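Here's the letter readout for the chains.
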Amino acid sequence: LALAEGVAAAGRIAIVDGTFLRRRQRDLFRARASELAIPFAIVEFQAGETALRARIAERAARATDASEADLAVLDQQLRAQEALGADERAHAIRFDAEAPLDRARDPASWRTVFSWLGIADSLPP
């Protein structure tokens, strides 16, 4: 939170990458953004459990990824996650995380996120 505040204070956009499984974690960032009067959005990456398990298995087989998350970590996350509340959904942008990776790398696929943050003009045509 302190790092994101510093980035925002410098006039930049802070993107905070995390699982944010618990409501209280998300509320901290939303409340601070409100206090600072800066845009806030939740990019909700959606992928089914089957796809998540397959990705972890593929990553483990390659043994080249820095992530230490394994199936046990996924199981814990699935048990611990708290769904977004209705008030949070007003700030949420869903992103299909099962889409081909090439689509996720296409800047146009992020247009909704950039529009929400008021910076859509910075995207290439």
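Conventions we followed
- Residues numbered from 1 in each chain as written.
- Predicted model: local features only at pLDDT ≥ 70, side-chain atom pairs only at ≥ 80, totals over all residues.
- Heavy atoms only, no water.
- Helix = DSSP H or I, 4+ residues; strand = E, 2+ residues; numbered from the N terminus.
- Contact = heavy atoms within 4.5 Å.
- Core = buried A, V, L, I, M, F, W, Y, C linked by side-chain atoms within 4.5 Å.
- Buried < 20%, exposed > 50% of the residue type's maximum accessible area, 1.4 Å probe, protein only.
- Phe/Tyr/Trp six-rings, centres within 6.5 Å; stacked < 30°, edge-to-face > 60°.

> I'd like to hear about the environment of Ile42, residue by residue, with values.
Mapped onto the fold, Ile42 is located in strand S1 (residues 42-46). C-alpha separation for the pair Ile42 and Phe20, spaced 22 residues apart in sequence, amounts to 9.9 Å. Among residues more than four places away in sequence, those in contact with Ile42 are Arg26, Leu84, Glu88, His91, Ala92 and Ile93.

> Let's hear about the nonpolar core: which residues, and what values?
One finds Ala4, Phe29, Ala33, Phe40, Ile42, Leu84 and Ala92 forming the largest nonpolar core, which totals seven residues. Discounting residues that sit within four places of it in the chain, Ala92 has contacts with Ile42, Glu44 and Leu84.

> So what's going on with the packing of aromatic side chains? Which residues, and what values?
Given two aromatic rings, their pairing is described by the distance between the two centres and the angle made by the two planes. Per the stated rule, a full pass over the model turns up two aromatic pairs. With a centroid separation of 5.2 Å and an interplanar angle of 90°, the aromatic rings of Phe20 and Phe29 are classed as edge-to-face.

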